[in-house]
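Residues per chain are reported as follows:
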Amino acid sequence: MAYELDLGGRRALITGAGQGVGRGIAEAFATAGADVVVNDLRPERAEQVAHEIGATPSAFDVTEYADVTAAITKLDGVDILVNNAGNAGSEGFGGLGRFVDTSPADWEPFLRVNLYGVLHCAHAVLPGMIDRGWGRIVTISSDSARTGEANMAAYAASKAGAAGLTRALAAEGGRYGVTVNTIALGTMRTEATEALWSDPDNAHAKSLMKRYTIRRPGLPSDAAALSVFLASEQASWITGQTYPVNGGISFAQ
Ligand SMILES: NC(=O)c1ccc[n+]([C@@H]2O[C@H](COP(=O)([O-])OP(=O)(O)OC[C@H]3O[C@@H](n4cnc5c(N)ncnc54)[C@H](O)[C@@H]3O)[C@@H](O)[C@H]2O)c1
């Protein structure tokens, strides 16, 4: 008999699923039988992906609390939330620059999407999950939240904040059957980083890959596999954790 992770009968909202990692997660959730809602800031992206995988599009900006609550109220019950929408800075990983050379205006876009976006979405879905006695929240973070990364201070702070929120919500949600976990990704091959990988001679990509035990960037499917598991019934005794999915660039302690 095949071993199955079945998300049938569960409504799953994936934020920032119009491309990249979020899209991969949405595809995997649809394959696992979930009733998927594809969110993105860009309506055309949400509609395109939703059309391709047989899901429902829901375009809103996770940084706008009123828009988040209005959209989630319309969905009438979200069993699984995947906080994937994120801001990692300029395309191609240019970085933010030295912390001392940056200002609050530079930090804000990271905190707004990567931390406030997660607070907003979690706040909107949790009351329903608690009422129904079942829920799953999975937040996509970054390995740089734990290891630190020069020139990415606000990004690391925002992602570490989301991991702290995971632990706090796990502590509150467990008694109601709600689990909350974080996945900390290494460097992925997505639209956001394509400039690195499309040029085989890119020196930065080459030196980066030497640091990965498994010498390739992550793929959306790598993040999707663990997301499906953490959202499943089988993961009902796993909560408050941060799981590295990073090709072995670092090892958790
Ligand atoms: N790409 C990497 O190497 C990498 C590494 C570690 C962690 N991550 C994390 O993985 C997640 C996905 O990364 P990706 O590479 O697929 O990103 P991406 O930029 O390719 O896709 C992100 C999607 O989110 C949407 N989005 C952005 N802001 C939004 C908002 N305010 N509200 C709703 N949607 C919004 C974008 O329109 C886009 O479609 C992010 O949280 C990112 O920080 C990525």
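Note that the structure is predicted; figures quoted are calculated from it, not measured.

A.B. asks: Mind showing me how you'd approach the packing of aromatic side chains here?
C.D. replies: Geometrically, a pair of aromatic rings is defined through the distance of the ring centres and the angle of the planes. Scanning all chains against the criterion turns up 2 aromatic pairs. Between Phe99 and Trp107, the ring centres sit 5.3 Å apart and the planes meet at 20°, which makes this aromatic pair stacked. Classification of Phe99 by relative accessible area gives partly exposed; the value is 49%. Accessibility expressed as a relative area gives 26% for Trp107, which makes it partly exposed. The aromatic ring of Trp134 is capped on one face by Arg10, whose charged end is 3.5 Å from the ring centroid.

A.B. asks: Sorry, what's going on with the side chain of Thr139 here?
C.D. replies: With respect to the secondary-structure elements, Thr139 resides in strand β5 (residues 135-142). Residue class for Thr139 comes out buried when judged on its relative accessible area of 2%. A polar contact is formed between the side chain of Thr139 and the side chain of Asn83, at a distance of 3.1 Å.

A.B. asks: What am I meant to see in the sheet that holds strand β6 (residues 178-185) here?
C.D. replies: In spatial order, the strands read β3-β2-β1-β4-β5-β6-β7; together these 7 strands make up an open sheet with parallel pairing. In this open sheet, the two edge strands, each paired with only one partner strand, are β3 (56-59) and β7 (242-245). In this sheet, adjacent strand axes meet at a mean angle of 20° when their direction is disregarded. Sheet topology places strand β2 (residues 35-40) next to β3; 4 bridges connect them, and they run parallel. Bridged to Asp40 within β3 is Ala59. Across the face of the sheet, helix α6 (residues 153-173) comes into contact with β5, β6 and β7 while running at roughly 160° to β6.

A.B. asks: What is the right way to read the pattern of salt bridges from this model?
C.D. replies: Pairing is possible between side chains that carry opposite charge, provided their charged atoms lie close to one another. Inspection of every chain in the model, using the stated rule, returns 11 salt bridges. Note that Arg132 and Asp79 form a salt bridge whose closest N and O atoms lie 3.4 Å from each other. Taken together, the residues span a long stretch of sequence, with Arg132 in helix α4 (residues 104-132) and Asp79 in the loop between α3 (65-75) and β4 (80-83) at a distance of 53 residues. The class for Asp79 is buried, based on a relative accessible area of 11%. A salt bridge links Arg98 to Asp101; its shortest N-O distance comes to 3.0 Å. Residues participating in the shared-partner salt-bridge network are Arg23, Glu27 and Glu52.

A.B. asks: How should I be thinking about the packing of α4 against α6 in this particular structure?
C.D. replies: The description of two helices packed together rests on the angle between their axes and the distance between the axes. Between α4 and α6, the least distance of the axes is 7 Å, while the angle of their chain directions is 15°. What the angle tells us is that α4 and α6 run roughly parallel. You can see that α4 and α6 cross each other, and the crossing is right-handed. Across the interface between the two elements, Trp107, Phe110, Leu111, Asn114, Leu115, Val118, Leu119, Ala122 and Leu126 from α4 touch Ala154, Tyr155, Ser158, Lys159, Gly161, Ala162, Leu165 and Leu169 from α6.

A.B. asks: Help me out: how do you make sense of the site of the ligand in this one?
C.D. replies: Inspection of the region around the ligand gives 29 residues, with Gln19, Asp40, Asn84, Met188 and Thr190 positioned closest. Within the side chain of Asp61, one N or O atom sits 2.9 Å away from a nitrogen atom of the ligand. A distance of 2.7 Å is found between an oxygen atom of the ligand and a backbone nitrogen or oxygen belonging to Asn84. Here the ligand, which alone exposes 840 Å², has 92% of that area covered by the protein. Mapped by element, the contributors of at least two residues to the shell around the ligand are α1 (20-31), β2, β5 and α6. For the shell around the ligand, the leading source of residues is β5, giving 3 residues. Per-class residue counts for the shell around the ligand are 11 nonpolar, 13 polar and 5 charged.

A.B. asks: How should I be thinking about the side chain of Thr190 in this particular structure?
C.D. replies: Following the sequence through the fold, Thr190 ends up in the loop between β6 and α7 (194-198). Given the relative accessible area of 12%, Thr190 is considered buried. Residues in contact with Thr190, not counting those within four places in the same chain, are Gly20, Val21 and Pro220.

Calculation criteria
- Residues numbered from 1 in each chain as written.
- Predicted model: local features only at pLDDT ≥ 70, side-chain atom pairs only at ≥ 80, totals over all residues.
- Heavy atoms only, no water.
- Phe/Tyr/Trp six-rings, centres within 6.5 Å; stacked < 30°, edge-to-face > 60°.
- Buried < 20%, exposed > 50% of the residue type's maximum accessible area, 1.4 Å probe, protein only.
- Lys NZ or Arg CZ within 6 Å of the ring centre and 35° of its normal.
- Helix = DSSP H or I, 4+ residues; strand = E, 2+ residues; numbered from the N terminus.
- Polar contact = N/O pair within 3.5 Å; in protein donor to acceptor, adjacent residues only side chain to side chain.
- Pairing = 2+ DSSP bridges.
- Axes fitted to C-alpha atoms, helices over the stretch in contact; angles between N-to-C directions.
- Contact = heavy atoms within 4.5 Å.
- Salt bridge = Lys/Arg side-chain N within 4 Å of Asp/Glu carboxyl O.
- Parallel < 35°, antiparallel > 145°, perpendicular 65-115°, else oblique.
- Left-handed = near helix turned anticlockwise from the far one by under 90°.
- Near = heavy atom within 4 Å.
- Areas by Shrake-Rupley, 256 points an atom, 1.4 Å probe, with all protein chains shown as cover.
- Nonpolar A, V, L, I, M, F, W, Y, C, P; charged D, E, K, R; others polar.

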